[in-house]
Amino acid sequence: MILRAHGAEPSAPAARSRWYERELGWPTAGSDPVELLTGVAFDVIELPAVAGFAMLRRVPRTGPVAVEGAWMRLLVATGSADELPGLLDWLEWGGVALDLGTIGAGGRITAPCPAHCRPPSLAAGAPGERCPQEAAVWLRPPDAKGEVEPTLPRAGFGGDGGAPDLVRLVSTAATECHRARLVRALPLPGQRRAGEG
């Protein structure tokens, strides 16, 4: 029997951190909120959630996907963050203003409530823990029973059957980011554009 100081149970953030480190082998930092270190087991492509949801309708299989507030985060193979600028140029999106970025080596993201959580309104990261509504949550959680890294989108064509290749994912994400930007720029019915009299 393991005795804890003063009979205390581990804190919810400590339990969340341990879950990520033990179940997935992902390093964590911070205590509240727990953060996942990027550039070690995965990199992140980040885009507005509205564009991300449209992208997910077009790309049915991806690696793990999380959402936090207005942002969606797609987990991709380590090193992919460095590939994005060149890939966008190659796909002829270079120079186009997109709300599409990456988080790679040395970065951090808020750890979503672990994959065994219920929906955000009932989410629990550890037994008895409730995740706040605005917390980062998994839309497509990592599979703790299997290897996560082989399912992450990576450079190259064709993918491996578990996730699309990085080229297809970035192309679709860029298209949806551009569409979302264009929709925001359109005037509402009856609204005048600047300079119209």
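Notes on the structure in this doc start here.

1. A look at the overall build of the protein chain
Helix and strand counts for the protein chain come out as four helices and eight strands. Listed N to C, the secondary structure of the protein chain is α-β-β-β-α-β-β-α-β-β-β-α in terms of helices and strands. Every one of the 197 residues in the protein chain was classed for burial, and the buried ones make up 44%. For the protein chain, contacts bridging at least 24 residues in sequence account for 67% of all contacts bridging at least 6.

2. Focus on the environment of R22
As for its position among the elements, R22 is in helix α1 (residues 12-24). Since its relative accessible area comes to 67%, R22 is described here as exposed. For the pair R22 and A144, spaced 122 residues apart in the sequence, the C-alpha separation amounts to 9.4 Å.

3. Some remarks on the sheet that holds strand β3 (residues 43-48)
A sheet is described by the order of its strands in space; here five strands give the open sequence β6-β3-β5-β4-β8, paired in antiparallel fashion. Pairing within the sheet leaves two strands with one partner each, and these edge strands are β6 (101-103) and β8 (137-140). The average undirected angle you get between the axes of adjacent strands in this sheet is 30 degrees. Pairing geometry for β3 and strand β5 (residues 71-76), over six bridges, is antiparallel.

4. Points about helix α3 (residues 80-90)
The set of residues buried in α3 consists of S80, A81, L84, L87 and L88. End-on, the buried residues of α3 take up no more than an arc of 95 degrees, which puts them together on one face. Across from the buried face of α3, at angles greater than 90 degrees, the exposed residues are D82, P85, D89 and W90. Packed against the buried residues of α3 are β3, β5, β6 and α4 (166-185).

5. Some points on the packing of α3 against α4
As a packed pair, α3 and α4 sit with axes 10 Å apart at the nearest point and diverge in direction by 65 degrees. By the angle class used here, α3 and α4 are roughly perpendicular. For the crossing formed where α3 meets α4, the hand is right-handed. Residue-level contacts link S80, E83, L84, L87, L88 and W90 of α3 to L166, V167, V170 and A174 of α4.

The rules behind each value
- Residues numbered from 1 in each chain as written.
- Predicted model: local features only at pLDDT ≥ 70, side-chain atom pairs only at ≥ 80, totals over all residues.
- Heavy atoms only, no water.
- Helix = DSSP H or I, 4+ residues; strand = E, 2+ residues; numbered from the N terminus.
- Buried < 20%, exposed > 50% of the residue type's maximum accessible area, 1.4 Å probe, protein only.
- Contact = heavy atoms within 4.5 Å.
- Pairing = 2+ DSSP bridges.
- Axes fitted to C-alpha atoms, helices over the stretch in contact; angles between N-to-C directions.
- Arc of directions from axis to C-beta.
- Parallel < 35°, antiparallel > 145°, perpendicular 65-115°, else oblique.
- Left-handed = near helix turned anticlockwise from the far one by under 90°.

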